[in-house]
Amino acid sequence: MSFQRVMVVGAGQMGSGIAQVAAQAGCDVILQDIKEEYTERGMRTIATSLNRFVKKGQLTEEESAQILKRITPTTEIEMARNAEIVIEAATEQMAIKKEIFKKLDEFAPQQTLLATNTSSLPVTELAAVTKRPDQVIGMHFMNPVPMMKLVEVIRGLQTSDEVFQAVMNFSEELGKKPVAVQDFPGFISNRVLMPMINEAVYCLYEGVAEPQAIDEIMKLGMNHPMGPLQLADFIGLDTCLYIMEVLYDGFGDSKYRPCPLLRKYVAAGWLGKKTGRGFYVYE
């Protein structure tokens, strides 16, 4: 089973990246969001990303133009009727994702696979709102999608072996390295990463060191390419907080309790790079 017609729901940072790599792999892509301004912004993001590849000599101008032509922006979720696989990359909120999956289940052909790019939410719970739970699966891409190789492939309780293998193969066709993970809160990547970020925030909260010092120690001492506080700003502090809450609720373990300083920054609207202020100030 291979996929030529792909739909991506959500034209934000993750969705636009997924749409780009699918188009680069030769797929015809539908990029859907609820407002035209969102899809237009997503297309601009893709064009900017492709231009970087052109400047590096990894793509020609003609190849970049052809990739863009393979992506069709739309605000109509009914376009799922034309897709062989739909990858949902909407806001990391269970209620929103459930509504999307109900609509996708209604409009997508019976044989169409429904995937979610969720970074922490249970795939089994999303699958339960559809009439095809055996055809629902998690495809957790890493940010930035065009650069990062990993895709966590998460089987829900009812995901079929055929669907699992098809998505593993498709991930490789996209130039990614798929790794199989079971359906637990945070999967592997965020179950390990987010507590580290949260602990770095606690170090700042308790006055152990300044942000630059915390990040330098992790970069120089642990060979991390980016410090945990800088990475949190890049991910979005609201996203970090939400994932920590999913882990805390899912496991009921105090080690996943979000740092009060993280909550305070999110309440203040200091969400990181996207708002110009987080643990660092951005132009």
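Since the structure is predicted, the reported quantities are computational estimates derived from the model, not experimental observations.

Further remarks concern the overall build of the chain. The helix and strand tally for the chain stands at eleven helices and eight strands. Once the C-alpha set of the chain is aligned to its principal axes, its extents read approximately 55 × 45 × 30 Å. Of the contacts formed within the chain by residues at least 6 apart in sequence, a portion of 67% connects residues at least 24 apart. Within the structure as shown, the chain displays about 13,800 Å² of accessible surface, and the carbon and sulfur contribution to it stands at 52%. Side chains of the chain give 29 positive and 35 negative charges; the mean places of these two sets differ by 2 Å.

Next up on the list: unusual backbone geometry. N143 connects to P144 through a cis peptide bond whose omega is 0 degrees. Mapping P144 onto the fold places it in the loop between β6 (136-141) and β7 (150-155). The residue F187 is not glycine, and still its phi comes out positive at about 55 degrees. Within the fold, F187 resides in the loop between β8 (177-182) and α7 (189-205).

UniProt tags residues 186-282 as "domain: 3-hydroxyacyl-CoA dehydrogenase C-terminal" (unreviewed entry). The span residues 186-282 shows a helical share of 63% and a strand share of 0%, and its end C-alpha atoms are spaced 28 Å apart.

What follows covers the domain arrangement of the chain. Once the domains are mapped, the chain shows domain 1 (5-182) and domain 2 (190-274). Taken over C-alpha atoms, the centre of domain 1 sits 27 Å from the centre of domain 2. At the junction of the two partners, domain 1 supplies ten residues and domain 2 supplies five residues. Contact with domain 2 buries surface across domain 1, with E92, S119 and S120 losing the most and accounting together for 47% of the total. Summed over the shared surface of domain 1 and domain 2, the number is zero salt bridges. Taken together, domain 1 and domain 2 are joined by one residue pair in polar contact (both at pLDDT 80 or more). Taken together, the residues of the side of domain 1 that touches domain 2 sort by class into three nonpolar, six polar and one charged.

Take the UniProt feature "domain: 3-hydroxyacyl-CoA dehydrogenase NAD binding" (unreviewed entry) in the chain next. Cross-referencing UniProt, the feature "domain: 3-hydroxyacyl-CoA dehydrogenase NAD binding" (unreviewed entry) maps to residues 6-183 in the present numbering. What you have in residues 6-183 is 41% helix and 22% strand, and the ends, taken at the C-alpha atoms, are 24 Å apart.

To continue, consider the side chain of N117. Secondary-structure assignment places N117 in the loop between β5 (113-116) and α5 (123-127). On the basis of relative accessible area, N117 is assigned to the buried category, the value being 7%. A distance of 2.8 Å separates a polar side-chain atom of N117 from the backbone nitrogen of F141.

Below, the discussion takes up the sheet that holds β5. Pairing within the open sheet is mixed, and its eight strands lie in the order β3-β2-β1-β4-β5-β6-β7-β8. Of all the strands in the sheet, just β3 (71-74) and β8 have a single pairing partner and so form its edges. The sheet shows a mean angle of 25 degrees between the axes of neighbouring strands, taken without regard to direction. The sheet contact formed by β7 and β8 spans six bridges and is parallel. Each bridged residue has a counterpart across the sheet, and for L150 the counterpart in β8 is K177.

So, how was this worked out
- Residues numbered from 1 in each chain as written.
- Predicted model: local features only at pLDDT ≥ 70, side-chain atom pairs only at ≥ 80, totals over all residues.
- Heavy atoms only, no water.
- Helix = DSSP H or I, 4+ residues; strand = E, 2+ residues; numbered from the N terminus.
- Contact = heavy atoms within 4.5 Å.
- Areas by Shrake-Rupley, 256 points an atom, 1.4 Å probe, with all protein chains shown as cover.
- Lys, Arg positive; Asp, Glu negative; His and termini not counted.
- Charge placed at Lys NZ, Arg CZ, Asp CG, Glu CD.
- UniProt positions renumbered as here; feature names shortened; annotations may be inferred.
- Domains from an automatic or database assignment.
- Buried area = accessible area lost by both parts, 1.4 Å probe.
- Salt bridge = Lys/Arg side-chain N within 4 Å of Asp/Glu carboxyl O.
- Polar contact = N/O pair within 3.5 Å; in protein donor to acceptor, adjacent residues only side chain to side chain.
- Nonpolar A, V, L, I, M, F, W, Y, C, P; charged D, E, K, R; others polar.
- Buried < 20%, exposed > 50% of the residue type's maximum accessible area, 1.4 Å probe, protein only.
- Pairing = 2+ DSSP bridges.
- Axes fitted to C-alpha atoms, helices over the stretch in contact; angles between N-to-C directions.

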